[in-house]
Amino acid sequence: MSTNAEQYRSKLTAPEQIAAQIQPGWTCCSDIALSIPNRIYSALADRVRRDGLTGVTMHTLLDTRLLPCYDEQLKGMLTGVSWFSGAGARSAVNGGYADVMPCYYRDISGLLTDHVEIDAYCAVVSPMDKHGYFSTCNGSASSAMLRKAGRIYLEVNENMPRALSSPMIHISQVTALCENHTELPVLPSPKLDEISTTIGNLIAAEIPDGATLQLGIGAIPDAVGMALKSKRNLGIHTEMLTDSMVELLECGAVNNSRKPIHTGRTVATFALGSRRMYDYIDDNPSIEMLPVEYVNNPEIIAQHPCMMSINAALEVDFFGQVCAESVGTRHVSGTGGQADYVRGAIQSKGGKSFIAFPSTAKNDTISKIRPFLTPGAIVTTSKNDVDHIVTEYGIAKLRGRTLSQRTRALIAVAHPKFREELTFAAKKQNIII
Ligand code: COA
């Protein structure tokens, strides 16, 4: 039997050779953000341009660079299916040449297993270890994709952190691999302006020492993280590992000592941030990157007392229906883990969920608190799950409140210039009693 090193050498090829193996009618699947193999996919794009390859479907999650299936110049040749959209998928979906898969993030592994045939799993991985294993770095849906895939194509990148608890792939499972030691995508640090800092401080005041945190995507969850540096004994059980969490770990505010499960460890399902964060994850036994069906399971989340979930949104109506996925009919992103963490936090003893956003959009011309959601807007968090809504004007507690009480609380945290018209609309709807 050949050694791991021999197998590696025999499977090592050029990205163009991997792209050449992909056949019309195939479904290719990649996991989230850092896992997307851009070199293999750019070779695939070349093949589409050169040979007119068509009929390949690509399933993606949080695309961070332009993928061929979302490239307008290749529209009609490849089909992209976005399970959570980055900028490329967003444009392609809104342009009418890519599709979306409605889903909770926690369900993606099960949906792939039950409903999607996967011909090829394509992924960036860290270099092979002495035992012949590559780390996927992300937990996410990688295990389900690996189980389902007919072929496994890897792009080995020495910049990919080796996350010790993430799903591992052995060289014997691999169909072919290439090397591409390019810089990983980084998320620019969000601009912490006065509004996000104010909101961050409001939420931080609600978070006791010893709480466990989930912070979502965007400037406001990051501002909350920055406002928690003076807390003690915090824990992290989150979907996305963020830079602000690494700051909290490094300054000692987070030590995970009060978590009843995974005590002493940070749990996440994927990472996207700075190079500093990737270095922090690399070979770090205290970071667990576990499958999303476990990490985002509301019952697991709820096992943490004082679970605090902080996410952003685009608008909310008087009922408390939260839209975080579209501006009217215009697609922005997916549900991600927002609904998973809202449910987990409200079921946790002493837990709270905060959905936070600036009170207005587009230079104060639009109130994000509205009598009705904009026609076409997608409900991400239901009125029956919503807990706290936060703007720079304060915190509106909605859970356990009537429609009339919710409406008053929401108007009180709306931008002052919209309060009169919101009150007028509420009275016209007969919902303030
Ligand atoms: N009406 C019109 N436009 C609006 C708007 C509104 N009510 N609210 C926001 N916008 C615009 C903003 O002006 C901005 O436009 P620009 O890109 O032209 O500047 C754009 O929509 C994005 O808004 P912003 O407030 O900057 O978003 P963000 O970066 O804070 O992200 C979400 C907010 C909701 C898109 C993001 O949190 C997300 O993707 N959520 C998904 C669900 C989730 O929470 N998952 C869990 C974490 S992964």
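Residues numbered from 1 in each chain as written. Predicted model: local features only at pLDDT ≥ 70, side-chain atom pairs only at ≥ 80, totals over all residues. Heavy atoms only, no water.

Things to note about the site of the ligand
- The local shell around the ligand holds 21 residues, among which Glu239, Leu314, Ser333, Gln338 and Lys368 are the closest.
- Between the ligand and Ser333, the relevant distance is 2.9 Å, taken from an oxygen atom to a side-chain nitrogen or oxygen of the residue.
- When isolated, the ligand has an accessible area of 970 Å², and the protein chains bury 72% of it.
- For the shell around the ligand, the per-class residue count stands at 10 nonpolar, 7 polar and 4 charged. (Near = heavy atom within 4 Å. Polar contact = N/O pair within 3.5 Å; in protein donor to acceptor, adjacent residues only side chain to side chain. Areas by Shrake-Rupley, 256 points an atom, 1.4 Å probe, with all protein chains shown as cover. Nonpolar A, V, L, I, M, F, W, Y, C, P; charged D, E, K, R; others polar.)

A closer look at the domain arrangement of the protein chain
- The domain architecture assigned to the protein chain consists of domain 1 (4-179) and domain 2 (194-428).
- Each of domain 1 and domain 2 has a C-alpha centre, and these two points are 29 Å apart.
- Across the contact, 30 residues belong to domain 1 and 33 residues belong to domain 2.
- Taken as a group, Phe84, Tyr105 and Arg106 account for 25% of the area that domain 1 buries against domain 2, more than any other trio of residues on that side.
- At the surface where domain 1 touches domain 2, the tally comes to 2 salt bridges.
- With its nearest N and O atoms 2.4 Å apart, the salt bridge here joins Asp340 to Arg106.
- Inspection of the region where domain 1 meets domain 2 yields 13 residue pairs in polar contact (both at pLDDT 80 or more). (Domains from an automatic or database assignment. Contact = heavy atoms within 4.5 Å. Buried area = accessible area lost by both parts, 1.4 Å probe. Salt bridge = Lys/Arg side-chain N within 4 Å of Asp/Glu carboxyl O.)

Brief notes about the pattern of salt bridges
- Going through the model one piece at a time under the given rule, you end up with 20 salt bridges.
- Linking Arg275 and Asp279 is a salt bridge whose minimum nitrogen-to-oxygen distance equals 2.9 Å. Separated by 4 residues within a single helix, Arg275 and Asp279 lie in helix H10 (residues 275-281), roughly one turn from each other.
- By relative accessible area, Arg275 is classed as partly exposed at 27%.
- Assessed through its relative accessible area of 46%, Asp279 is described here as partly exposed.
- Measuring nitrogen to oxygen at the nearest pair gives 3.2 Å for the salt bridge that ties Lys397 to Asp387. Of this pair, Lys397 sits in strand E26 (residues 394-397) while Asp387 sits in the loop between strand E24 (369-370) and strand E25 (388-391); the two residues are 10 residues apart in sequence, bridging distant segments of the chain.
- Its relative accessible area of 31% is what places Lys397 among the partly exposed residues. (Helix = DSSP H or I, 4+ residues; strand = E, 2+ residues; numbered from the N terminus. Buried < 20%, exposed > 50% of the residue type's maximum accessible area, 1.4 Å probe, protein only.)

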